[in-house]
Each structure stands twice: as C-alpha cells, then as structure tokens.
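Summary of structural features
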Amino acid sequence: MRNVELLMPAGNMEKLEYAVRYGANAVYLGIVDFSLRAMRKGNIITLDNLDQAIELAHSLGAKAYVTLNIFAFNKDIKLLEGCIERFKDAKPDAVIVSDFGIFNMVRKRIPETQIHVSTQTNTLNYESVKFWKDLGANRVILARELPIKDIAEIREHVPDIELECFIHGSQCVSFSGRCLLSDYFTDGERKANHGNCSQPCRWSYKLVEETRPGQYYEINQDERGTHILSPKDLCLVEYLPQLIEAGVDSLKVEGRTKSLYYVSAVAKTYRQAIDECIKNPSADLHKYFIELQKVGNRGYTTGFALGENKPDSYSYDISKGLAGADFLCEFKGHEVDGKYLVKIKNKMKLDDEVEIITPSEQFTAKVLEITNDEGEELMVGNTNDDVWIKFSTSPIEYKYALARTIGVKSHVS
C-alpha cells in the first residue's frame, strides 16, 4: 500500500512544531483576515512571522500550506493586494483557496506556488475536479459529504491531481461549512466564513410562542437534549485502508483552535495507524479508535464516508467536546537530578499513576516527588503551576513529553 500524507493543523508556532514532531508530514496554517480559523491567542502566526513558521516546518522535514480560504469581499481583495508579496516571500508549499478572485490573484502574482482548492468549494464530483485541474489547481480538498466509493470514482476519472479529504475532527452542520448562522445571531460581528464562527450549532435552544412572551419550551430530540444542530466529530481511523485504496493523497485533521495536547495526541495516533495499515492493509485498527477517545470529542461518527449520514451522527446531549483522559502536564524541557519542570494543566498528586507520551514513547509512570522552585516538597501540583516532578520512569524525549490520566473515561462514546 502506498504512502500518504498526514496533514495536521498548526494553530500557532508551538502547535506547528509538536504536530510535526508527533508525526505530521505537513501542516496547514492561517493568519487573521484570510483564514477560516483565526487564532488570536498564544504565539500566533501573523504576516510578520509567517516566513519563520514555514521555515520551522521545513527544518523539521514537513511541508507548510497557508490558508487563504475566506469568502472574499472587495475589501478583502484590496487587503490581499497590499500584502500578497509577503505570502510570496514566505515560500509556502501551497496556498489553500476557495474564492475565484483569490485563486486568480495567486495564480498571477505567485505563479510558482501550488494551489490547493478548499473544501469550502463543495467539490463532490469528478467533473468539478477536472475543472479545478484545468484551471491550474494542484490539489482538491474534497467535500466532507463524499462517501469513500465516490472518492474512488473521482480518482478513476482524474488520476493526475492530488486529492485530500478530512479524516478527523469537528464537523459543520452546514454543507461543507457554508453557514450563516453565526453571522445572523451575532449581527455580523462573528462571521463564520471570515474565521470567527461563534458555533451556534453547538448552542442549546428553546422555543417561545409569540402570544406567550417569556414562556420558554425546551426542544427535545427523543428526550436526549436540545443540541439539535450539533454534529458529532468525524473519526475515520478504522477506514484508513479504504481511503488510501480509494486514491486519497492527503489525510487531513481539523483543529487549528484545539489544544497542544489534542494536536500532539491525534497526530501520534494517526501516524501509528497509517504506518501500520501501509505495512498491513488488513490490520485491525480499532485500538487507535480507542486511543482517539482520550482527546476531546463530542462522540465520534463516520459522517458520510460509508454512504449515509445517520441520525446518530448528531450529538443531541452535549455541545462541548469531552476528553476520555485528562491532560495533566506539559514538560517544559528542563531536567535536574531526574526531576522535570512541568506546567500543570490539571491537578496532579503525589503517587498518581499517569500516562506519558512523547513522539516516540508511550508508557505509564508514577509520580514520586513534586517540588517547587525553592525545593519545597509538595503533595499536589495545582493547575497552571510550574513545578518539578520526578517520575518512576523517565521519558527519553522529555522536551516534547506530555502526561495524561490512564485509560478512557466512560462518558466518551
């Protein structure tokens, strides 16, 4: 079975590095104003450090794709005209676009850069793929609504273009993300297709009858709750052999706004699953599905991949992703006398047993000592504290190590 690309989100510089170190072959990143996921926290990627972000990915042996996939108005085109040379100088491996105007600008102003057509274009058939290929696109990111058998048919009709599809992460209730709910409910302040969706599909709704103001009635869905628009998260880890056999070149994970732990753990799991199924296409990949329950999710679904989107693809009872394991700490890259400086994410206690993951390791260990910077011994490391911890087993790649609770909590389905 042939090799394929694992494409991970890079919400900021740190997540970019961890995504690659944990197994990504490529990352996609965006900046405010031109991206459908505009990060505004942390060491974000901007026009000023875009070249550094791409250089970092390249130095780690990965490709970097820049998203310019907003639906552009005149003001957006004018803004891009003033800064497109910055994108050219950064030398991305490709740009991801959905708007014909931006496509045209990139093709004319940065002709040496590959163009990937965004999933926002709702590409569902081989004639559409042929159209984009004839226009000059190098890759088409297919709509999430496509079953695997249709992807195989597209590949059969258009063998000489790269195909990319989503395999994991949050899904939009609207067709390939073309949604105006956020725009409407926020009076245009949170535009979904300009990188600032407020996710009203995750809200809990009630009815009010116009002659009875102030009297609210819950909307029930088989007594399971009121999140009537909220899809479960996509997870196709058990169908990787079929996707690769269908001719997919790049397997994409959603999540530029997700945590460092999420990006790292998901990259590690899919890297291992892809490598195993390439060696053995008939391998049982269910163990990786269990691993993916340890990160935040709203319950998992195969979406449209198997040919239909069933009623149980929607998360009627929860809107916030729940993780099957708690992210306990991030190692800060310092070691003294067998103790490691960590940033506590969730409370850790003396004698706790934890699971430690690194790009090349995964094992359980016991917390033997907790001390502060003054060397005082502690019984507990509290959330957001920087403390020194000694574990019963030490990670080799401790600079990029993370720790979480052991096992999977029962609330994750």
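Our subject is the structure that appears above.
Here goes a summary of the coordinates provided. As the structure is a computational prediction, the values presented were derived from the model and not from experiment.

Definitions and limits used
- Residues numbered from 1 in each chain as written.
- Predicted model: local features only at pLDDT ≥ 70, side-chain atom pairs only at ≥ 80, totals over all residues.
- Heavy atoms only, no water.
- Salt bridge = Lys/Arg side-chain N within 4 Å of Asp/Glu carboxyl O.
- Helix = DSSP H or I, 4+ residues; strand = E, 2+ residues; numbered from the N terminus.
- Buried < 20%, exposed > 50% of the residue type's maximum accessible area, 1.4 Å probe, protein only.
- Core = buried A, V, L, I, M, F, W, Y, C linked by side-chain atoms within 4.5 Å.
- Contact = heavy atoms within 4.5 Å.
- Pairing = 2+ DSSP bridges.
- Axes fitted to C-alpha atoms, helices over the stretch in contact; angles between N-to-C directions.
- Polar contact = N/O pair within 3.5 Å; in protein donor to acceptor, adjacent residues only side chain to side chain.
- Parallel < 35°, antiparallel > 145°, perpendicular 65-115°, else oblique.
- Left-handed = near helix turned anticlockwise from the far one by under 90°.
- Nonpolar A, V, L, I, M, F, W, Y, C, P; charged D, E, K, R; others polar.

Moving on, we get to the pattern of salt bridges. Across all of its chains, the model carries 24 salt bridges by this definition. Close ionic contact of Glu 85 with Arg 109 constitutes a salt bridge, the shortest N to O distance being 3.8 Å. Here Arg 109 lies in helix H4 (residues 100–109) and Glu 85 lies in helix H3 (residues 74–90), a separation of 24 residues in the sequence. In this structure Glu 85 comes out as partly exposed when scored by relative accessible area, which is 38%. The exposure class of Arg 109 is partly exposed, given its relative accessible area of 32%. Where Lys 133 meets Asp 160, a salt bridge forms, and the shortest distance between an N and an O atom there is 3.6 Å. Of the two residues, Lys 133 sits in helix H5 (residues 126–135) while Asp 160 sits in the loop between helix H6 (148–157) and strand E7 (162–169), which places them 27 residues apart along the sequence. Shared partners join several salt bridges into a network, and the residues in it are Glu 5, Arg 139, Glu 162, Glu 164 and Lys 252.

Here the focus is the nonpolar core. Counting 98 residues, the largest nonpolar core has Phe 87, Leu 240 and Tyr 270 as its most contacted members. Counting residues per element, this core draws most heavily on helix H9 (residues 260–279), at 12 residues. Contacts of Tyr 270, omitting those with residues within four sequence positions, involve Leu 6, Ile 167, His 168, Cys 235, Leu 236, Val 237, Leu 240, Val 253 and Leu 292. One finds Cys 329, Val 354, Ile 370 and Ile 389 within the second-largest nonpolar core, a separate group that totals 18 residues.

Next up on the list: the sheet that holds strand E14 (residues 339–344). Taken together, 6 strands build a closed barrel; the order of strands is E13-E14-E19-E17-E16-E20 and the barrel is antiparallel. Direction aside, neighbouring strands of the sheet carry axes that sit 45 degrees apart on average. Of the pairings in the sheet, the one linking E14 to strand E19 (residues 386–391) comprises 4 bridges and is antiparallel in character. Considered in E19, the bridge of Lys 343 is made with Asp 386. Contacts between H9 and the sheet are confined to strand E13 (327–336), strand E16 (353–357), strand E17 (362–371) and strand E20 (402–404), with E20 contributing the most and set at about 90 degrees to the helix.

Let us now look at the environment of Glu 17. As for its placement among the helices and strands, Glu 17 is situated in helix H1 (residues 13–21). C-alpha separation for the pair Glu 17 and Ala 57, spaced 40 residues apart in sequence, amounts to 7.1 Å. Not counting residues within four places of it along the chain, the set of residues in contact with Glu 17 comprises Leu 56, Leu 60 and Tyr 400. In this structure the side chain of Glu 17 is engaged in a polar contact, spanning 2.7 Å, whose partner is the side chain of Tyr 400.

By the bridge criterion, 5 bridges tie E13 to E14 in an arrangement that is antiparallel. Within the sheet, the bridge partner assigned to Phe 331 lies in E14 and is Val 342. In this structure, the hairpin formed by E13 and E14 is closed by a connection of 2 residues, where Asp 337 is found at a positive phi of approximately 55 degrees.

This part is about the pairing of strand E11 (residues 250–253). In E11, alternate side chains face the same way, and those of Ser 250 and Lys 252 on one face and Leu 251 and Val 253 on the other are all buried. Relative to E11, strand E1 (residues 5–9) runs parallel, the two being bridged by 3 bridges. Within the sheet, the bridge partner assigned to Leu 7 lies in E11 and is Lys 252. Here E7 runs beside E11; their pairing, made up of 4 bridges, is parallel. Residue pairing in the sheet places His 168 in a bridge with Val 253 of E11.

Before going further, it helps to spend a moment on the packing of H1 against helix H2 (residues 50–59). Between H1 and H2, whose axes approach to 10 Å, the crossing angle comes to 15 degrees. Overall, the two elements H1 and H2 adopt an arrangement that is roughly parallel. Between H1 and H2 the crossing geometry is right-handed. Residues Met 13, Leu 16 and Glu 17 of H1 lie in contact with H2, whose contacting residues are Gln 52, Ala 53, Leu 56 and Ala 57. Among the residues making up the contact of H1 with H2, the classes are represented as 5 nonpolar, 1 polar and 1 charged.

Below, the discussion takes up the packing of H4 against H5. Between H4 and H5, whose axes approach to 12 Å, the crossing angle comes to 35 degrees. Judged by residue contacts, Phe 100, Phe 103 and Arg 107 of H4 engage Phe 131, Trp 132 and Leu 135 from H5. Its residues assigned to classes, the contact of H4 with H5 comprises 5 nonpolar, no polar and 1 charged.

Just distances and angles here, no functional claims.
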